[in-house]
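# Close look at the chain arrangement
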Amino acid sequence: MSTRTLKILILIILVGLVIRAVHFSAISQAAFIEFPLFASEMDMHGYWEWSDSIIAGDWLGKDTWHPEFEWMAQLASPEEWSRWWGDPRVFQQEPVYPYLIALGRTIGLSLTGIILLQLLLGALQPLATFFLTRLVFREDGPALVSALFAATYGPLLLNQGALLRDWTAPLLASIVLAMLLRAQASSRGGQWFWPGLVLGFTLMTYSTILLFLPAMLLWLVWVSRNSLRQMSIRMGAATAGLVIGFMPLLARNLYLGVSPFSISNRLPEGIVSGIAADSNPLGMTITQSLPGILEKSQGSAAIAAIESVRTFDGDWLGFGSLMWEKFRGLVDPFEIPNNLSYLYGQEVSPIMTFMPDFGWLLPLGILGVVLALKRGNAGSAHGLMLLFGASMLLALMINLVLGRYRLAISAFFFVYAGWAVWQIWSWVIARRFRQAAAPGVVLAGIIVTQQIAIPVQALRESAFFMLHPPSYFTASSIYMARGRPDQAVAEWKRMQLRASKLHFESAADAAVEQEQSVRLQWLFGAFELGRKDLVDLNLSEIDRLFDLRRDSSMRDYAMGVTYFRIGRAAEARSRLQRFLREYPQLKEAEQATAIIGMLDEP
């Protein structure tokens, strides 16, 4: 590496650190950073609760933590879920991440401290991406561009700033792939121990990479095909590293009498939700077939897959249609929210608005693959990368389609997006415009396909996906708990504004109603404190907000009851009498009459 390259790489890492510092500053001052403590139906909260059980002393997971989400309780009893999981002692999800949270808390880190640490570790992603790209292409230029993508990729930043493990996938994958290529270039067979070791650790962190394992072994055999002895040494070293890297979980499972290679019990559930005939896999959905299939599978992913396919009853056209819909969702630039909303994240941290997202990464990544293969540069390094990309695509096609899950394949696209940009830039500065024209046309075609032809319009017609009201609700609840009703109100104002711009009238109406509810709590709190100025402000705003609602029939009733509760008899009587004149048929009329009667009593 030249001195110039080193300086540019350091600058890219510094850019990534500055971006993360700005992002941390934004989220640490907002309710966003406390979502894991309040959002009880999200994985973020689950990780925090799991770390609670570890800190309490159950470091082996003898009393294995499992979530008790509301949707789970509606579907089945805890006993039924335990049976469906096959063995309730199997971890709910890959264990490394919650154990790291517990370790951080044990040494005194707060939730904010853990998030800050994640962002600092996330700043290593461009470094890992640089070395991986340099090993694939053996050039510094494309490696630097790839590193820049990794440093500034918006969806990655969002997840690094949240209590979710998905940000670890591209970092660990980049390290594993780089180590494999280093080992292949080395004459020492023992070098294969290290990628095996990191891969074993990765399996306990983000088990999606399990599908890459057989592909990796096939690649190892292929690159060692000229020497059986060399193949044996490499295979033995890689296997030894894999076993040792996986040993903590292996030892724990054996000690508790659990199936040795069990990692997580979530896979059968994801398979059913992802490929059953009655599934809607774009986002988190619960299928009617889920209980029956889980009952049959008893924790077996293979049985869950077979039973899910059987739900099509031989309708292979229907199965193909579902897979096509999933593929469209995967390549769609829209980030399907789950736990986190990318669009909401941009509101909280405006710097994300200026960062590249999947709409940039995918077209450039595909073009990079085409240019690499067209160049005739399709050696063993590209073979490994393509096997990894195919493995991750298969994993994504099996599971639900969520924006954060796509980070599993981002390590692959970082590499090839950097190559595409570098190639086009090289041709342009060399004034080889004719050579750059064809790739430019291909890129335009990919962009048009991704942005116009393939996108799933139903995602953009869904108020839930486009707005993600749970984010606003959680943030509002946090601000109210902090004693900041003004910020809670601001959350619902932002949602109402976005909903109106996107023409989601019902959602806008719901946001206004929620703002009124928050202001009502604020009003009564101010009344108890004797803050007449805040009482009058909220009375005026609650009344005004009825102008924004599609149905304002309850206006005078709501205002009359509010005036009654704060002892303003004249205003209460006036508003309730007007309500009775205009809407005597509504069920609230009886209550309004009763209140007026109380006001008329001497």
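## Remarks on the overall build of the protein chain
Broken down by element type, the protein chain carries 32 helices and zero strands. On the principal axes, the C-alpha backbone points of the protein chain span a range of 105 × 65 × 55 Å. In the protein chain, which comprises 602 residues, the proportion classed as buried is 53%. Long-range pairs, those at least 24 residues apart, make up 75% of the contacts in the protein chain between residues at least 6 apart in sequence. Counting every atom, the protein chain has about 26,700 Å² of accessible surface; 62% of that belongs to carbon and sulfur. Placing the 49 positive and 48 negative side-chain charges of the protein chain at their respective mean positions leaves the two points 14 Å apart.

## Observations concerning helix H32 (residues 588-600)
Taking 1.5 Å per residue, 13 residues should reach 18 Å; H32 reaches 19 Å between its end C-alpha atoms and fits that length. By the burial criterion, the buried members of H32 are Glu-588, Ala-589, Ala-592, Ile-595, Ile-596 and Leu-599. Along the axis of H32, the buried residues cluster in a sector spanning 120 degrees; they form a single face. Against helix H30 (555-565) and helix H31 (569-582) lie the buried residues of H32.

## Quick notes on the pattern of salt bridges
Two side chains that carry opposite charge are able to pair once their charged atoms sit near each other. Tallied over the entire structure, the rule returns 33 salt bridges. Ionic pairing is found between Asp-43 and Arg-404, a salt bridge with its closest N-O pair at 2.9 Å. Residue Asp-43 is found in helix H3 (residues 43-55), and its partner Arg-404 is found in the loop between helix H21 (380-398) and helix H22 (410-429); the two are separated by 361 residues along the sequence. In this pair, the class of Asp-43 matches that of Arg-404, namely buried. A salt bridge links Arg-519 to Glu-515, with the shortest nitrogen-to-oxygen separation between them at 3.0 Å. Placement of the pair is Arg-519 and Glu-515 together in helix H28 (residues 505-528), with a separation of four residues, close to one helical turn. For the pair Arg-519 and Glu-515, a shared accessibility class is recorded, and that class is buried. Each of the salt bridges in this network shares a partner with another, and the network as a whole consists of Asp-543, Asp-547, Arg-555, Asp-556, Arg-575 and Arg-578.

## What to know about the nonpolar core
Ranked by internal contacts, the top residues of the largest apolar core, which has 165 residues, are Phe-32, Val-136, Leu-163, Trp-192, Phe-212, Phe-388 and Tyr-416. Here this core takes eleven residues from H22, the largest share from any one element. Contact partners of Tyr-416, with chain neighbours within four places excluded, come to Val-136, Phe-137, Leu-364, Gly-365, Gly-368, Val-369, Ala-372, His-382 and Met-385. Of all hydrophobic cores here, the second largest spans 13 residues; its members include Trp-71, Trp-84, Val-272 and Ile-293.

## Details of helix H20 (residues 358-374)
Taking 1.5 Å as the rise per residue, H20 with 17 residues should run 24 Å; its terminal C-alpha atoms sit 24 Å apart, in good agreement. Summarising burial for H20: twelve of the 17 residues are buried, a large majority. Among the residues making up H20, those that are buried are Phe-358, Gly-359, Leu-361, Leu-362, Pro-363, Leu-364, Gly-365, Leu-367, Gly-368, Val-369, Leu-371 and Ala-372. The distance from a side-chain oxygen at the start of H20 to the backbone nitrogen of Gly-359 is 3.0 Å, and the residue carrying that oxygen is Asp-357.

## Some thoughts on a nonpolar patch on the surface
Together, Met-1, Leu-6, Ile-10, Leu-14, Leu-17, Leu-116, Leu-120 and Phe-131 give the surface a local cluster of nonpolar side chains, amounting to about 660 Å² of exposed area. Elements represented by at least two residues in the nonpolar patch include exactly helix H1 (3-28) and helix H7 (111-122). By residue number, the principal contributor to the nonpolar patch is H1, which donates four residues. With respect to the helices and strands, the residue Leu-6 is situated in helix H1. Given a relative accessible area of 40%, Leu-6 falls into the partly exposed group.

## What about the packing of aromatic side chains?
One pass over the structure, following the stated rule, counts 28 aromatic pairs. Arranged with centres 4.2 Å apart and planes meeting at 5 degrees, the rings of Phe-137 and Trp-419 form a pair that is stacked. Remark: Trp-419 occurs in helix H22 and Phe-137 occurs in helix H8 (residues 125-137); sequence separation between them is 282 residues. Since its relative accessible area comes to 5%, Phe-137 is described here as buried. Look at Trp-419 and you get buried, because its relative accessible area is 0%. Among the aromatic residues, those joined into a cluster by ring pairs are Phe-137, Phe-358, Phe-412, Phe-413, Tyr-416 and Trp-419. Directly above the aromatic system of Trp-48 lies the positively charged group of Arg-105, at a separation of 3.9 Å from the ring centroid. Of note, Arg-252 hangs over the ring of Phe-91, and the distance from its end group to the ring centre comes to 3.9 Å.

## Structural notes on the packing of H8 against helix H11 (residues 168-185)
Between H8 and H11, the least distance of the axes is 9 Å, while the angle of their chain directions is 30 degrees. Crossing of H8 over H11 shows left-handed handedness. Facing Gln-125, Ala-128, Thr-129, Leu-132, Leu-135 and Val-136 of H8, the residues of H11 in contact are Pro-170, Leu-171, Ser-174, Ile-175, Leu-177, Ala-178, Leu-181 and Arg-182. Looking at the contact of H8 with H11 residue by residue, the class counts come to ten nonpolar, three polar and one charged.

## So, the environment of Asn-338
Take Asn-338: it is sitting in the loop between helix H18 (316-331) and helix H19 (342-348). Judged by relative accessible area, Asn-338 falls into the buried class, the value being 14%. As a C-alpha pair, Asn-338 and Met-42 span 296 residues in sequence and 8.3 Å in three-dimensional space. Leaving out residues up to four positions away in the same chain, Asn-338 has contacts with Met-284, Leu-402 and Arg-404. Here Arg-404 takes part through its side chain, which lies 2.7 Å from a polar atom of the side chain of Asn-338.

Parameters at a glance
- Residues numbered from 1 in each chain as written.
- Predicted model: local features only at pLDDT ≥ 70, side-chain atom pairs only at ≥ 80, totals over all residues.
- Heavy atoms only, no water.
- Helix = DSSP H or I, 4+ residues; strand = E, 2+ residues; numbered from the N terminus.
- Buried < 20%, exposed > 50% of the residue type's maximum accessible area, 1.4 Å probe, protein only.
- Contact = heavy atoms within 4.5 Å.
- Areas by Shrake-Rupley, 256 points an atom, 1.4 Å probe, with all protein chains shown as cover.
- Lys, Arg positive; Asp, Glu negative; His and termini not counted.
- Charge placed at Lys NZ, Arg CZ, Asp CG, Glu CD.
- Expected span 1.5 Å × (residues − 1).
- Arc of directions from axis to C-beta.
- Salt bridge = Lys/Arg side-chain N within 4 Å of Asp/Glu carboxyl O.
- Core = buried A, V, L, I, M, F, W, Y, C linked by side-chain atoms within 4.5 Å.
- Polar contact = N/O pair within 3.5 Å; in protein donor to acceptor, adjacent residues only side chain to side chain.
- Patch = residues over 30% accessible without salt bridge, like charges linked within 9 Å, V, L, I, M, F, W, Y side chains within 5 Å.
- Phe/Tyr/Trp six-rings, centres within 6.5 Å; stacked < 30°, edge-to-face > 60°.
- Lys NZ or Arg CZ within 6 Å of the ring centre and 35° of its normal.
- Axes fitted to C-alpha atoms, helices over the stretch in contact; angles between N-to-C directions.
- Left-handed = near helix turned anticlockwise from the far one by under 90°.
- Nonpolar A, V, L, I, M, F, W, Y, C, P; charged D, E, K, R; others polar.

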